Amino acid sequence: MIHLKNQSQLALMRDAGKITGEAILAAGEAIKPGVTTAHIDHVIRTYIEKCGATPTFLGYGGFPASACVSVNDEVIHGIPSQLRVLKEGDIVKIDVGACYRGYNGDSARTFAVGKISDEAARLIRVTEESFYEALKVINESARIGDIGHAVESHCVRNGFSVVRRYVGHGVGAELHEDPEVPNFGAAGHGIRLMRGMTIAVEPMVNAGAAAVYELPDGWTVKTKDGSLSAHYEHSIAVTDNGPELLTKVD
Ligand code: MG
Ligand code: MG
């Protein structure tokens, strides 16, 4: 069931989204060679709690940390660890949710650790671009398939592939609400977008093949071929005036 948000609920979504986006920026400032992924998680948790919000991911389905921190060929759901030290040339995906007065923001971004390869930089750029290609088609007459079609076409055009096993989603009082928002699809197909819908659009893009697998830790998802993966996500409200980015603060 899709929960449409009224103006007061949207106002709370904006507050939650702002905290989420700011937590990601705080993480970005802390990312450098020699830092552990557990430290990044600590920075995020501290920032969210300072804002009077709670980290949505902490304890979600049993997840043991406040943020997912996934490095290189890890696609999503990486568990922060004291033993995982970031090094020059890594790319690191930070995925954060913050819950404020009952509503959630959900956002993710891929950061470079020091100097990275041209190919890694291109992967990050194309992944972000694919999100903004999708944003262009989001309006009240669009369908869910238009979003996935826009994301996938841009990635394939650039020689990359989108992950199919994990998808975007509605977001609101629950972190994951209906509808599913795949990063692939046929234009003109799927349910129609409506004013008051709030969705997380989140391209997960691999430099190699689309196939992924989950580690025995029950969380970390990696590319099957060991290729690099990038992730970019914002929570978006569908409004009369087009899409509104709820988690973008920079
Ligand atoms: Mg997320
Ligand atoms: Mg999400």
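Rules of the game
- Residues numbered from 1 in each chain as written.
- Chains lettered and ligands numbered in written order.
- Predicted model: local features only at pLDDT ≥ 70, side-chain atom pairs only at ≥ 80, totals over all residues.
- Heavy atoms only, no water.
- 1 Å grid on protein atoms, 1.4 Å probe; cavity = no way out; pocket = protein on both sides within 12 Å on 5 of 7 lines; lining within 4 Å.
- Points joined across faces, edges and corners; volume = space filled by probe spheres on them.
- Nonpolar A, V, L, I, M, F, W, Y, C, P; charged D, E, K, R; others polar.
- Core = buried A, V, L, I, M, F, W, Y, C linked by side-chain atoms within 4.5 Å.
- Buried < 20%, exposed > 50% of the residue type's maximum accessible area, 1.4 Å probe, protein only.
- Helix = DSSP H or I, 4+ residues; strand = E, 2+ residues; numbered from the N terminus.
- Contact = heavy atoms within 4.5 Å.
- Phe/Tyr/Trp six-rings, centres within 6.5 Å; stacked < 30°, edge-to-face > 60°.
- Donors = N, O, S within 2.8 Å, 3.2 Å for Na, K, Ca; no water.
- Pairing = 2+ DSSP bridges.
- Axes fitted to C-alpha atoms, helices over the stretch in contact; angles between N-to-C directions.

Caption draft 1: Molecular detail of the layout of surface pockets. In this model, the largest pocket occupies a volume close to 340 Å³. In terms of lining, the largest pocket is formed by 19 residues, of which the most central are I76, H77, H169, H176 and E202. Looking at the lining of the largest pocket, its residues break down into 10 nonpolar, 4 polar and 5 charged.

Caption draft 2: Representation of the nonpolar core. Counting 28 residues, the largest nonpolar core has I138, I147, L193, I199, V201 and I236 as its most contacted members. Broken down by secondary-structure element, the contributors of at least two residues to this core are α3 (118-137), α4 (144-157), β9 (198-201) and β14 (234-239). For this core, the leading source of residues is α3, giving 7 residues. In contact with L193, other than residues within four places in its own chain, are I138, N139, E140, A142, R143, I144 and I147. Listed in part, the 24 residues of the second largest apolar core include V35, V43, I94 and F111.

Caption draft 3: Highlighting the packing of aromatic side chains. Applying the stated criterion across every chain yields a total of 4 aromatic pairs. Taken together, a centroid distance of 5.3 Å and an interplanar angle of 75° make the contact between F131 and Y232 edge-to-face. Residue F131 is located in helix α3, and its partner Y232 is located in the loop between β13 (229-231) and β14; the two are separated by 101 residues in the primary sequence. Of the two residues examined, F131 and Y232, each falls in the buried class.

Caption draft 4: View of the coordination of the magnesium ion (ligand 2). Only D106 (OD), H169 (NE2), E202 (OE) and E233 (OE) from the protein reach the magnesium ion (ligand 2) as donors, at distances of 2.1 to 2.2 Å. Counting residues between consecutive donors of the magnesium ion (ligand 2) along the chain gives the motif D-x62-H-x32-E-x30-E. In this structure the magnesium ion (ligand 1) is found 3.2 Å away from the magnesium ion (ligand 2), and D106 serves as a bridging donor for the pair. One end of the pair, E202, is in the loop between β9 and β10 (204-206); the other, E233, is in the loop between β13 and β14, with 31 residues separating them in the sequence.

Caption draft 5: Representation of the sheet that holds strand β15 (residues 242-245) within the structure. One open sheet accounts for 5 strands, arranged β8-β7-β9-β14-β15; its pairing is antiparallel. Edge strands, defined here as strands with exactly one partner in the open sheet, are β8 (177-181) and β15. Taking the axes of each pair of neighbouring strands and ignoring which way they run, one obtains an average angle of 30° across the sheet. In terms of strand pairing, strand β7 (residues 168-170) meets β9 through 2 bridges, oriented antiparallel. Of the residues in β9, the one forming a bridge with G170 is I199.

Caption draft 6: Broad picture of unusual backbone geometry. A cis amide bond links D178 to the next residue, P179, at an omega of 0°. Along the chain, P179 falls in strand β8. A positive phi is found at R101, a non-glycine position, where the angle reads about 45°. With respect to the helices, strands and loops of the structure, R101 is situated in the loop between β4 (91-100) and β5 (103-112). Residue R101 is classed as exposed on the basis of its relative accessible area, which comes to 62%.

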